[in-house]
Amino acid sequence: MSVKKDGVKLDIKYRNIGDIKGYDRNARTHSDEHVAQIAASIEEFGFNNPILIDETSTIIAGHGRLAAAQRLGLGGASPTCALQDNPVDGEMP
């Protein structure tokens, strides 16, 4: 499924959890308690907020959701939203 918002085309796809890479310079950290809360939400309501990734499958937003999915043992596909337009070199949107 593709969606265009603010001039940027987003592609919503299911990707294998193991194929998604964390952003090395991610400034935000998630405590074990926070990851447990995210995992509980995924168990109760489903994985309804996709992980935002770039064209190399690197996370732009959603490191906590990935950690929660890994904690739950979700080795299969999860929803991801891939940005189609490239950010400026070295910058994350």
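Residues numbered from 1 in each chain as written. Predicted model: local features only at pLDDT ≥ 70, side-chain atom pairs only at ≥ 80, totals over all residues. Heavy atoms only, no water.

Q: Looking at this structure, I do not really get the environment of Thr-56. What am I missing?
A: For Thr-56, the position within the fold is in the loop between β3 (51–53) and β4 (59–61). A polar contact of 2.7 Å, which involves the side chain of Thr-56, links it to the side chain of Asp-54. Within the structure, the side chain of Thr-56 is placed 2.9 Å from the side chain of Thr-58, a separation counted as a polar contact. (Helix = DSSP H or I, 4+ residues; strand = E, 2+ residues; numbered from the N terminus. Polar contact = N/O pair within 3.5 Å; in protein donor to acceptor, adjacent residues only side chain to side chain.)

Q: Please explain the confidence of the model for the protein as it appears in this structure.
A: When pLDDT is low, close inspection of the predicted coordinates is not appropriate. Of the residues in the protein, 73% reach a pLDDT of 70 or more, and the chain-wide mean stands at 79. Of all the helices and strands in the protein, strand β1 (residues 2–5) carries the lowest mean pLDDT, 61, while helix α1 (residues 32–45) carries the highest, 94. Within the model, the stretch residues 86–93 combines pLDDT values under 50 with ten contacts to residues more than four positions away or in other chains. (pLDDT = per-residue confidence, 0-100. Contact = heavy atoms within 4.5 Å.)

Q: Would you explain the pattern of salt bridges in this entry?
A: Any two side chains of opposite charge can pair, so long as their charged atoms come close to each other. Inspection of the entire model under this criterion finds one salt bridge. Put simply, Asp-32 and Arg-71 hold a salt bridge, and the shortest N to O gap is 3.7 Å. Separated by 39 residues along the polypeptide, Asp-32 in helix α1 and Arg-71 in helix α2 (residues 63–71) bring together distant segments of the chain. Its relative accessible area of 44% is what places Arg-71 among the partly exposed residues. (Salt bridge = Lys/Arg side-chain N within 4 Å of Asp/Glu carboxyl O. Buried < 20%, exposed > 50% of the residue type's maximum accessible area, 1.4 Å probe, protein only.)

Q: Explain the nonpolar core here, please?
A: Looking at soluble globular proteins, one finds that nonpolar side chains tend to be buried together. If you look at the biggest cluster of nonpolar residues, it comprises 13 residues, and the most contacted ones within it are Ile-20, Ile-51, Ile-59, Leu-66 and Ala-68. Per-element tally for this core: the top contributor is α1, with four residues. (Core = buried A, V, L, I, M, F, W, Y, C linked by side-chain atoms within 4.5 Å.)

Q: When you look at α2 in this model, what are you seeing that I'm missing?
A: Structural remark: α-helix, 3.6 residues per turn; residues separated by three or four positions point the same way. Burial in α2 covers these residues: His-63, Gly-64, Arg-65, Leu-66, Ala-68 and Ala-69. Tucked into the core, α2 has its buried residues touching α1, β3 and β4. Positive phi appears at Gly-73, one or two residues downstream of α2, with a value of about 75 degrees.

Q: Help me understand the side chain of Thr-58, please; the structure alone is not making it clear to me.
A: Inspection of the secondary structure puts Thr-58 in the loop between β3 and β4. With near-sequence residues (within four places) excluded, Thr-58 lies in contact with Lys-21, Gly-22, Tyr-23, Leu-52 and Ile-53.

Q: How should α1 be read in this particular structure?
A: With 14 residues, α1 ought to run about 20 Å at 1.5 Å a step, and its terminal C-alpha atoms sit 20 Å apart, in line with that. Among the residues making up α1, those that are buried are Val-35, Ile-38, Ala-39 and Ile-42. Across the axial projection of α1, the buried residues extend over an arc of 100 degrees, all falling on one side. Turned more than 90 degrees away from the buried face of α1 sit Glu-33, Glu-44 and Phe-45, all of them exposed. Check the buried side of α1 and you find it contacts α2. Residue Gly-46 follows α1 closely and has a positive phi angle near 90 degrees. (Expected span 1.5 Å × (residues − 1). Arc of directions from axis to C-beta.)

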